[in-house]
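# Descriptive analysis of the structure
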Amino acid sequence: NPAWSRSSNGRNRAGPTFVASPPVASAITAVRTALALLMIAMPSTLLANPDRVIYHVNTARPDVQWKAIGNLENLYLGADDDQQIEVVMLLQGEAIDLISKVNQNRDLGLRLEELRQLGVRIEVGRGNYSEHRELLANSNPPGLVDNIFTRIIELQKQGYHYLAP
């Protein structure tokens, strides 16, 4: 039970003072110490929720493709130092030619590779990849998915947010 304590002038203090028995105080201290040690030992990456993005590109228009790359670069540039970002870039239909262009455009290849090194996963539909395999022969192969639309739904269920250029 809380005990009221009196100040030197005999008046009651503003609130109750809880006095724990030695075994309870010891247990509280042990729990606090364990939690503090757990927080120190646990990497911050496990404590933070990453920002997850689906970036869906479905056109071969160069201006849109360059805009998509620029938007993803800006996403990473604008992130806080401790912010975790997970991006899945889905290339649908004619947008798959973005990957084939890296063989002809060194700047594009470097920028896409830099995004991959930052963690961007590039994925395309399995059927679309099969149809364009010859164009993609010398490129870094993308991840293959059975269907772009079911992949979008799957990723959204995992907490990804949908964006498009």
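Here the residue numbering is sequential within each chain, running from 1 through the sequence in written order. Where local features are concerned, this predicted model is filtered to residues with pLDDT of at least 70; where side-chain atom pairs are given and counted, the filter is 80 or more; whole-chain, interface and lining totals use all residues. Heavy atoms from the whole structure form the basis of all side-chain values; hydrogens and water molecules are not counted.

Let's shift gears to the pattern of salt bridges. Salt bridges are identified by distance alone: a Lys or Arg side-chain nitrogen within 4 Å of an Asp or Glu carboxyl oxygen. In the structure shown here, the tally under the stated rule is eight salt bridges. A salt bridge links R61 to D63; the nearest nitrogen and oxygen atoms lie 2.6 Å apart. Burial status follows relative accessibility: with a 1.4 Å probe on protein chains alone, a residue under 20% of its type maximum counts as buried, one over 50% as exposed, and anything between as partly exposed. Taking the relative accessible area as the measure of exposure, R61 reaches 45% and is therefore partly exposed. A relative accessible area of 46% places D63 in the partly exposed class. With a closest N to O distance of 3.8 Å, R111 and D107 form a salt bridge. Highlighted residues: R111 and D107, both in helix α5 (residues 106–118), separated by four residues, approximately one helical turn. With relative accessibility at 22%, the residue R111 sits in the partly exposed group. The helix and strand labels rest on DSSP assignments: H or I over at least four residues marks a helix, E over at least two residues marks a strand, and numbering proceeds from the N terminus.

A few words now on the nonpolar core. In terms of nonpolar packing, the biggest core is built from 23 residues, with V87, M89, L91 and V120 touching the most fellow members. The set of elements that each furnish at least two residues to this core consists of β1 (51–57), α3 (62–77), β2 (85–91), α4 (97–100), α5 and β3 (121–125). Excluding residues within four positions of it along the chain, V87 makes contact with V53, Y55, L72, L75, Y76, G119, V120 and R121. We call a set of buried Ala, Val, Leu, Ile, Met, Phe, Trp, Tyr and Cys residues a nonpolar core when their side-chain atoms join them within 4.5 Å. Membership of the second largest hydrophobic core comes to eight residues, among which are V88, L90, L155 and Y160. In what follows, a contact means two residues having at least one pair of non-hydrogen atoms within 4.5 Å.

In this section: the sheet that holds strand β4 (residues 143–145). Overall, parallel pairing links the five strands, which are arranged β4-β3-β2-β1-β5 in an open sheet. Where the open sheet ends on each side, the last strands, each with one partner, are β4 and β5 (161–163). When the angles between neighbouring strand axes are averaged without regard to direction, this sheet yields 30°. Note: two strands are recorded as paired if DSSP finds a minimum of 2 bridges between them. Where β2 and β3 come together, four bridges link them in parallel fashion. When the bridges of β3 are listed, L91 appears paired with V124. Docked against the sheet, helix α7 (residues 148–157) engages β1, β2, β3, β4 and β5, running at close to 165° with respect to β2. Fitting a line to C-alpha atoms yields each axis, with helices limited to the stretch in contact; the angle taken between N-to-C directions then spans 0 to 180 degrees.

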